[in-house]
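Notes for the structure review
Spelled out from the first residue to the last, the chains are:
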Amino acid sequence: MELIQQNPELAAYLAADEVVDHGHPLVHDTSRRLGAETLDAYTYASAAYAHVRDAIPHSSDTGDPRVTWRASDVLAARTGICCAKAHALAALLRAAGIPAGFCYQRLTDEGAHPVVHGLVAVRLPGADRWVRQDPRGNKPGVDAHFSAGPERLAWVPRAEYGEVDYPAVHAAPHPAVLRALRTASDRADLWRDYPTAL
């Protein structure tokens, strides 16, 4: 699938805002710590990915009821759903000057319970294309890894179940996803209002 950069200005994929708050001291300090011994952008991006995937558990896996959405809050609370973890990874990448955007999939439980799944697209220096990364967190049946080549995502959408890969690379999180995250009082409340498609 060919990814489509929604904003023609690459600088939009480096910007800080209320969600991707890479100017926040915690994001800055985490970025500096992860990059302290790296030699290049690929090594740093891989380290940032592994940190978000492995050191910040997915809240559904742990049963954590808290809902995080701002990158610095995800890093501080060390919890979040896939989209929140994507916000944290994008902030860490942008803090190092690596363009990062947001991509989504529509996934189901064999056709039931559809949900929007959040990914990060990264464009490493010298690369002529975006590559999606899935920082959700591995568990039995989920084995995602950082890759600058062929994607190594947690899931490949199955058309027979109405699952979809959305090709857009957004510079900011999708408004429907962000609205659900920001207004939820806890994770149970989040799932009641969380988008099932984009």
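Residues numbered from 1 in each chain as written. Predicted model: local features only at pLDDT ≥ 70, side-chain atom pairs only at ≥ 80, totals over all residues. Heavy atoms only, no water.

The next subject is the overall build of the protein chain. Per the secondary structure count, the protein chain includes seven helices and five strands. Each helix and strand of the protein chain, ordered N terminal to C terminal, gives the series β-α-α-α-α-α-β-β-β-β-α-α. A globule of 198 residues ought to have a C-alpha radius of gyration of about 16 Å, and the protein chain, at 15 Å, matches this closely. By residue count, 48% of the 198 residues in the protein chain fall in the buried class. Restricting to contacts in the protein chain with at least 6 residues of sequence separation, those with at least 24 account for 61%. If you sum the accessible surface of the protein chain, you get close to 9,000 Å²; carbon and sulfur atoms cover 52% of it. (Helix = DSSP H or I, 4+ residues; strand = E, 2+ residues; numbered from the N terminus. Rg over C-alpha atoms; globule rule 2.2 N^0.38 Å. Buried < 20%, exposed > 50% of the residue type's maximum accessible area, 1.4 Å probe, protein only. Contact = heavy atoms within 4.5 Å. Areas by Shrake-Rupley, 256 points an atom, 1.4 Å probe, with all protein chains shown as cover.)

Our next topic: unusual backbone geometry. Of note in this structure, Arg78 is not a glycine but carries a positive phi near 60°. With respect to the helices, strands and loops of the structure, Arg78 is situated in the loop between helix 4 (71–77) and helix 5 (82–95). We note that Glu110 has phi near 50°; this positive angle belongs to a residue other than glycine. Given a relative accessible area of 55%, Glu110 falls into the exposed group.

Relative to the helices and strands, Pro114 resides in strand 3 (residues 112–122). Among the residues examined, Pro114 registers a relative accessible area of 26% and is labelled partly exposed. It is 15 Å that separates the C-alpha atoms of Pro114 and Ala176, two residues lying 62 residues apart in sequence. The residues touching Pro114, leaving out its near neighbours within four places in the chain, are Arg106, Leu107, Thr108 and Thr196.

Let's shift gears to the environment of Ala96. Along the chain, Ala96 falls in the loop between helix 5 and strand 2 (100–109). Relative accessible area serves as the criterion here: at 39%, Ala96 is assigned to the partly exposed category. Separated by 69 residues in the primary sequence, Ala96 and Val27 have C-alpha atoms spaced 10 Å apart. For Ala96, the residues in contact, after removing those within four places along its chain, are Ser31 and Tyr44.

Moving on: the packing of helix 2 (residues 41–55) against helix 5. Interaxial distance between helix 2 and helix 5 falls to 10 Å at its minimum, and their mutual angle equals 155°. The orientation of helix 2 with respect to helix 5, classified from their angle, is roughly antiparallel. Seen along the crossing, helix 2 lies across helix 5 with a hand that is right-handed. Between helix 2 and helix 5, the residues in contact are Tyr44, Ala45, Ala48, Tyr49, His51, Val52 and Arg53 and Lys85, Ala88, Leu89, Leu92 and Leu93, respectively. Tallied by class, residues from the contact of helix 2 with helix 5 come to nine nonpolar, one polar and two charged. (Axes fitted to C-alpha atoms, helices over the stretch in contact; angles between N-to-C directions. Parallel < 35°, antiparallel > 145°, perpendicular 65-115°, else oblique. Left-handed = near helix turned anticlockwise from the far one by under 90°. Nonpolar A, V, L, I, M, F, W, Y, C, P; charged D, E, K, R; others polar.)

Strand order in this open sheet of five strands is 1-5-2-3-4, and the pairing throughout is mixed. A single partner strand is all that each edge strand has here, and the edge strands are strand 1 (4–5) and strand 4 (131–133). Relative to strand 5 (residues 164–170), strand 1 runs parallel, the two being bridged by two bridges. Bridge pairing in strand 5 places Ile4 opposite Ala168. (Pairing = 2+ DSSP bridges.)

Attention now moves to the pairing of strand 5. Relative to strand 5, strand 2 is paired through four bridges, and the arrangement is antiparallel. When the sheet's bridge partners are listed, Gln105 is paired in strand 5 with Asp165.

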